[in-house]
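# Observations on chain architecture
Residue strings, one per chain:
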Amino acid sequence: MPTLLALLKEDLANARAHDPAARGDVENALVYSGLHAIWMHRLAHRIWCRGGAGRGVARVLAQVARFLTGIEIHPGATIGRRFFIDHGMGVVIGETTEIGDDVMLYHGVTLGGRSLEKVKRHPTIGDGVTVGAGAKVLGPVTIGARSAIGANAVVTRDAPADSILTGVPATIRPRRADQRRPLVDPGCYIVGDGDGI
Ligand SMILES: CC(C)(COP(=O)(O)OP(=O)(O)OC[C@H]1O[C@@H](n2cnc3c(N)ncnc32)[C@H](O)[C@@H]1OP(=O)(O)O)[C@@H](O)C(=O)NCCC(=O)NCCS
């Protein structure tokens, strides 16, 4: 298992790759709430997995992260490498969520449950999936690798790999090869400091 420091460096490189507005590592480490949230989650998750009284500590850490970032990740959630949350505020990730590698979420995303039973009740998100702003993925559904979930979609069904999901409830269509470009926040091209124009 990589050390927390190695993951931290990988996360910083990942922020640069996903957000054209990202600049130096020191600045990014200070200003990206999504990085703060995943770093605190990685620590809380390791404590959670040891079980026992530490689970209370893990919950408190998650709560501190929520207070600081507006991003709520249950310490039981399993999250892969190079995970990135852009903008962050209003994200909720439930306890039994499983997220693969290279997944990106925007603000307002809920990976939530539809049942109060203590079973696997949250989504499984495949490698390379992007979840647009405000989208809700509810229940123990599986979203196949490299899929894209549109902004404000509500997803309650499984989707195969390479899907695009949009609408309420979400309809699923194949994601063509030419649509597999990474989705990035174009903000810097609108309000940039000159570098990006
Ligand atoms: C869903 C998404 C991935 C589709 O990307 P795409 O395949 O390139 O889609 P297109 O732009 O070619 O649009 C295809 C159709 O889907 C519609 N569509 C696109 N996004 C949609 C959405 N979120 N909800 C509903 N319909 C959507 C388009 O209007 C278009 O409809 P039309 O064929 O009737 O004209 C993308 O539009 C999206 O929502 N990305 C999330 C971006 C985001 O959250 N950004 C936040 C930045 S802060």
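Structural notes, computed from the coordinates. (Residues numbered from 1 in each chain as written. Predicted model: local features only at pLDDT ≥ 70, side-chain atom pairs only at ≥ 80, totals over all residues. Heavy atoms only, no water.)

### As for the side chain of R175
Tracing the sequence through the fold places R175 in the loop between β15 (171–174) and α5 (187–191). Looking at R175, its side chain comes within polar contact range of the main-chain oxygen of R146, at 2.8 Å. (Helix = DSSP H or I, 4+ residues; strand = E, 2+ residues; numbered from the N terminus. Polar contact = N/O pair within 3.5 Å; in protein donor to acceptor, adjacent residues only side chain to side chain.)

### Here we look at the sheet that holds strand β2 (residues 78–79)
With parallel pairing, the four strands of this open sheet are ordered in space as β2-β5-β8-β11. Each edge of the open sheet is held by one strand with a lone partner, namely β2 and β11 (142–143). Judged from the two bridges that link them, strand β5 (residues 98–99) and strand β8 (residues 124–125) form a sheet pairing that is parallel. Within β8, the residue paired with I99 across the bridge is I125. (Pairing = 2+ DSSP bridges.)

### Some remarks on the pairing of β15
Examined bridge by bridge, strand β14 (residues 163–166) and β15 share four bridges and lie antiparallel to one another. Bridge pairing in β15 places T166 opposite T171. Between β14 and β15, which follow one another and run antiparallel, lie four residues, and G167 among them has a positive phi close to 90°.

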